[in-house]
Every structure is written in structure tokens, then in C-alpha cells.
Amino acid sequence: MVPLLVVLLLALLLFGAGFAVKALWWLAVIVLVVWLLGFVMRSAGTGGRKGRWYRW
């Protein structure tokens with residue numbers, strides 16, 4: 001009975017880790033798209049130069 005519970009627990013942990021990694025990949029893709037859009041859509045600063053779209 002204990003080995004069966006260990007296998008089920010391991011399968012649950014691996015499924016949860018897989019789901020978390022997939023969710024993090026989607027989050028990374030969304031952040032990348034927003035970051036790239038920031039370079040395309042940034043406004044022009046003083047003197048016609050394109051300024052930074054972020055504050056840091």
C-alpha cells in the first residue's frame with residue numbers, strides 16, 4: 001500500500017510541477033511580447049529622440 005501511495009504522490013508532484021512550468025512559460029511569453037511592444041510603441045522624447053518606455 002505504501003509504494004502505491006508513494007507512486008501516486010510522485011505522479012501528483014510531477015503533474016503539478018509540469019503545470020507550473022507550463023504556466024511560467026506562458027507568463028514569460030506574455031512578458032516578452034509586452035516588452036517588445038514597448039520598444040515599438042515608445043513615444044519620442046525631446047529633440048525627436050525616442051525615449052525609454054520604462055522608468056529604471
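Rules of the game
Residues numbered from 1 in each chain as written. Predicted model: local features only at pLDDT ≥ 70, side-chain atom pairs only at ≥ 80, totals over all residues. Heavy atoms only, no water. Helix = DSSP H or I, 4+ residues; strand = E, 2+ residues; numbered from the N terminus. Buried < 20%, exposed > 50% of the residue type's maximum accessible area, 1.4 Å probe, protein only. Areas by Shrake-Rupley, 256 points an atom, 1.4 Å probe, with all protein chains shown as cover. Patch = residues over 30% accessible without salt bridge, like charges linked within 9 Å, V, L, I, M, F, W, Y side chains within 5 Å. Salt bridge = Lys/Arg side-chain N within 4 Å of Asp/Glu carboxyl O.

Asks: Go over the overall build of the protein chain, please, and point to the residues and values.
Replies: Scanning the protein chain from terminus to terminus reveals one helix and zero strands. The proportion of buried residues among the 56 residues of the protein chain is 2%. Summed over all atoms, the accessible surface of the protein chain reaches about 5,500 Å², with 79% contributed by carbon and sulfur.

Asks: Give a description of a nonpolar patch on the surface that names residues and reports values.
Replies: A cluster of nonpolar side chains, W26, V29, V33, L37, V40 and M41, forms an exposed patch at the surface whose accessible area comes to about 640 Å². In this structure, V29 sits in helix α1 (residues 2-40). With relative accessibility at 40%, the residue V29 sits in the partly exposed group.

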